[in-house]
Amino acid sequence: MEQTQVKELRTTPLHALHCELGARLVAFAGYEMPVQFAGVMEEHLWTRRRAGLFDVSHMGPCFLSLADSSLSGEAAHQAISAQIEKLVPSSISSLSPGQARLTVLLNENGGILDDLIVTRPFDDELQGTLYLVVNGAMKHEDWALFERTLSPHVSLQQVDDRALMALQGPKAAEALGGVLPGCGTLNFMQGRRLIWRGQEVWCSRCGYTGEDGFEVLVPAEVASDFARVLLADERVRPVGLGARDSLRLEAGLCLYGQDLDPRRTPVEADLAWVIQKSRRVAADFPGADRILEELVSGPRLKRVGIEVTDKAPARQGTEIQLNDESIGMVTSGGFSPCLERPIAMGYVRSEFAIPGTEIDLIVRGRPRAGRICTLPFVQPNYQR
Amino acid sequence: MTTYYTEDHEWILVEGDQATIGISAYAAEQLGDVVFVEVPDVGTAFGQGEDMAVVESVKAASDVYAPVSGEVVEANQELEAAPETVNEDPEGKGWFVKFTLKDPAELTRLMDATAYKAFCDNQ
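In this report, the structure presented in the accompanying data block is examined. (Residues numbered from 1 in each chain as written. Chains lettered and ligands numbered in written order. Predicted model: local features only at pLDDT ≥ 70, side-chain atom pairs only at ≥ 80, totals over all residues. Heavy atoms only, no water.)

Considering the overall build of chain B
Step number 1: From N to C terminus, chain B includes four helices and nine strands.
Step number 2: When the helices and strands of chain B are placed in sequence order, the string is β-β-β-α-β-β-β-β-β-α-α-β-α.
Step number 3: In terms of C-alpha radius of gyration, chain B reaches 13 Å, essentially the compact-globule figure of 14 Å for 123 residues.
Step number 4: In chain B, buried positions account for 48% of the 123 residues.
Step number 5: For chain B, contacts bridging at least 24 residues in sequence account for 59% of all contacts bridging at least 6.
Step number 6: Roughly 5700 Å² of accessible area belongs to chain B as shown, and the carbon and sulfur atoms make up 46% of that amount.
Step number 7: Across chain B, 6 positive and 25 negative side-chain charges occur, with their mean positions spaced 4 Å apart. (Helix = DSSP H or I, 4+ residues; strand = E, 2+ residues; numbered from the N terminus. Rg over C-alpha atoms; globule rule 2.2 N^0.38 Å. Buried < 20%, exposed > 50% of the residue type's maximum accessible area, 1.4 Å probe, protein only. Contact = heavy atoms within 4.5 Å. Areas by Shrake-Rupley, 256 points an atom, 1.4 Å probe, with all protein chains shown as cover. Lys, Arg positive; Asp, Glu negative; His and termini not counted. Charge placed at Lys NZ, Arg CZ, Asp CG, Glu CD.)

In structure tokens, the structure reads:
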């Protein structure tokens, strides 16, 4: 069994609680994080049936705002949106107050530097600010990119010293509603600032499991109290990063660094839907030439789902063959607790990205049968 | 009949030059739910410490190493249809292979049950 080096790692405000709950801890994105509590399979199924509480404080929540601006309301939102739109192909300017959107940071070639969620605050006095959550493993690079690229009149506030918790599952809304009543006003992909015991919390109805649920940013001082209140609800149990990965894979959601990286464009990643029409027309985002060309002519590679018809899981890095010819690579693969069989996603040459195409997965040198399929594997349960 | 253990958490039950090999209860508990096992073909020979089988949990695949040198005389084919047997009875019905030992002297490098328990307690 591999030993995990735990020196020099950051801990989250919930670390002591994880230890108390008997978590198995591993190094992840520079933090010591719980990979499991009761067991990956059990936590996964509990999240699909009730509600799982995840500590995702390793991620990179931050605020971008206009420094010393005389602008307010819609004009302030337009000004801050114009800044982040230098780096993302999504329309941020068209977000309504309280609306959140998935987008990607792009390099000059249209390659994906990270994926993130951008929320326009609901409150009037917060217009001109955007709430962003970037990936934990990429946050330092992303924040350096913001400092380098955005106007000196934009200020970046990193708030990764707070706790970010996700409550996910069909019982999440009922469980959180009893603790943070304001969350009930949110639909899927909406967020707003709320107050809990006199403290400012940011609550978004989104997640990384395919279930209804919320992500809540809580000050470090009250993080443990907030988690304990949720865990006192018998419908809520703690869930680790192991089940978070199997849940997101069933939901067909990408993991940055595996399914997305700087070589892949949003078109190849089957995320062209993040590019709203107004941005396609304006063609004013990094790598627009390549991306717009791919939208017309089709990309060379495309991200697809893979049903593994054999029993052996096909993990990240597994070669995909068709008639003994290499046509692509698995980028995420594992076992689906809900379907009770292995599932995977990966990139194949576009001409083979057709659901139903029978392929071979080369697992430890041996071909194992699989089939290209559409994503997700498990239908989402979002509350729109 | 004596059972020995390795630092990689395999067990080997020895009777003369014949042995049964699997992964320990400690290893099975650490892995969590086993979802797939790949055992070697009968007749395959392994040196001590070589990759012999693969056991997969929801999270990851782990190699299982040959505790000593030898040749596979029987593989537990039941595990393909019922990999959860490894969790349910790791040191019994969840065995992986039966082996003919090549060099019983290699057993002296392994731990007995008492030493292995102490080893796990220190993990």
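Right, picking up where we left off after that structure.
Here's the deal with the sheet that holds strand β4 (residues 34–38) of chain B
The strands making up a sheet associate through backbone hydrogen bonding, with each pair oriented either parallel or antiparallel.
All names here are of chain B.
Step number 1: The sheet built from three strands is open, its strands ordered β4-β6-β7 with antiparallel pairing. Every other strand in the sheet has two partners, leaving β4 and β7 (61–65) as the edge strands with one partner each. Strand after strand, the sheet turns through a mean of 25 degrees between neighbouring axes, direction not considered.
Step number 2: Where strand β6 (residues 51–57) lies against β7, five bridges are found, and the strand directions are antiparallel. Its bridge partner being in β7, Val-55 is matched across the sheet by Ser-62. (Pairing = 2+ DSSP bridges. Axes fitted to C-alpha atoms, helices over the stretch in contact; angles between N-to-C directions.)

What to know about the nonpolar core
Step number 1: Within the largest apolar cluster, 28 residues are counted, with the highest numbers of intra-cluster contacts made by Ile-12, Phe-96 and Phe-99 of chain B.
Step number 2: Sorting the residues of this core by element identifies β2 (10–15), β3 (18–23), α1 (25–31), β4, β6, β8 (70–75) and β9 (97–101) of chain B as the ones contributing at least two each. (Core = buried A, V, L, I, M, F, W, Y, C linked by side-chain atoms within 4.5 Å.)

Describing the interface of chain A and chain B
Step number 1: In this assembly, 19 residues from chain A lie in contact with 19 residues from chain B.
Step number 2: Interface of chain A and chain B: buried area, both sides summed, is about 1700 Å²; carbon and sulfur atoms make up 52% of it.
Step number 3: One can count five salt bridges joining chain A with chain B.
Step number 4: Note that Glu-56 of chain B is salt-bridged to Arg-315 of chain A, the shortest N-O span being 2.7 Å.
Step number 5: Applying the counting criterion to the chain A and chain B interface returns 10 residue pairs in polar contact (both at pLDDT 80 or more).
Step number 6: Going through the elements one at a time, β2 (31–36), α2 (40–49), α7 (241–250), β16 (325–336) and β19 (366–373) of chain A are the ones with two or more residues in the side of chain A that touches chain B.
Step number 7: Looking at the side of chain A that touches chain B residue by residue, the class counts come to eight nonpolar, five polar and six charged. (Buried area = accessible area lost by both parts, 1.4 Å probe. Salt bridge = Lys/Arg side-chain N within 4 Å of Asp/Glu carboxyl O. Polar contact = N/O pair within 3.5 Å; in protein donor to acceptor, adjacent residues only side chain to side chain. Nonpolar A, V, L, I, M, F, W, Y, C, P; charged D, E, K, R; others polar.)

With respect to the pattern of salt bridges
Step number 1: What the rule picks out here adds up to 33 salt bridges over all chains.
Step number 2: Among the salt bridges present, the one from Asp-212 of chain A reaches Arg-205 of chain A, with a minimum N-O distance of 2.8 Å.
Step number 3: Residues Arg-364 of chain A and Glu-38 of chain B are paired through a salt bridge, measuring 3.1 Å at the closest nitrogen-oxygen approach. A residue pair is termed interchain when its members come from two chains, as with Arg-364 of chain A in the loop between β18 (358–363) and β19 and Glu-38 of chain B in strand β4.

A few points about the packing of α2 of chain A against α7 of chain A
Residue and element names in this part refer to chain A.
Step number 1: The contact between α2 and α7 brings their axes to 8 Å, and the two run at 55 degrees. Taken together, the axis directions place α2 and α7 in an arrangement best described as oblique. In the crossing of α2 with α7, the sense of the turn from one axis to the other is right-handed. Listed contacts from α7 to Val-40, Glu-43, His-44, Thr-47 and Arg-48 of α2 are Gly-242, Ala-243, Ser-246, Leu-247 and Glu-250.
Step number 2: For the contact of α2 with α7, the per-class residue count stands at three nonpolar, four polar and three charged. (Parallel < 35°, antiparallel > 145°, perpendicular 65-115°, else oblique. Left-handed = near helix turned anticlockwise from the far one by under 90°.)

Focus on the side chain of Arg-279 of chain A
Residue and element names in this part refer to chain A.
Step number 1: Inspection of the secondary structure assignment puts Arg-279 in helix α8 (residues 277–282).
Step number 2: Classification of Arg-279 by relative accessible area gives buried; the value is 3%.
Step number 3: Of note is the side chain of Arg-279, whose polar atom sits 3.1 Å from the side chain of Asp-284.
Step number 4: Those residues in contact with Arg-279 that lie beyond four places of it in its chain are Glu-85, Val-88, Pro-89, Ser-90, Ser-91, Asp-284 and Phe-285.

Here we look at helix α4 (residues 113–121) of chain B
Residues and elements named next belong to chain B.
Step number 1: Of all the positions in α4, only Tyr-116, Phe-119 and Cys-120 are classed as buried. Taken down its axis, α4 places every buried residue within 95 degrees of arc, on the same side. Those residues of α4 that are exposed and aimed more than 90 degrees away from the buried face are Thr-114, Lys-117 and Asp-121. (Arc of directions from axis to C-beta.)

Read these as layout, nothing more, since geometry by itself doesn't imply function.
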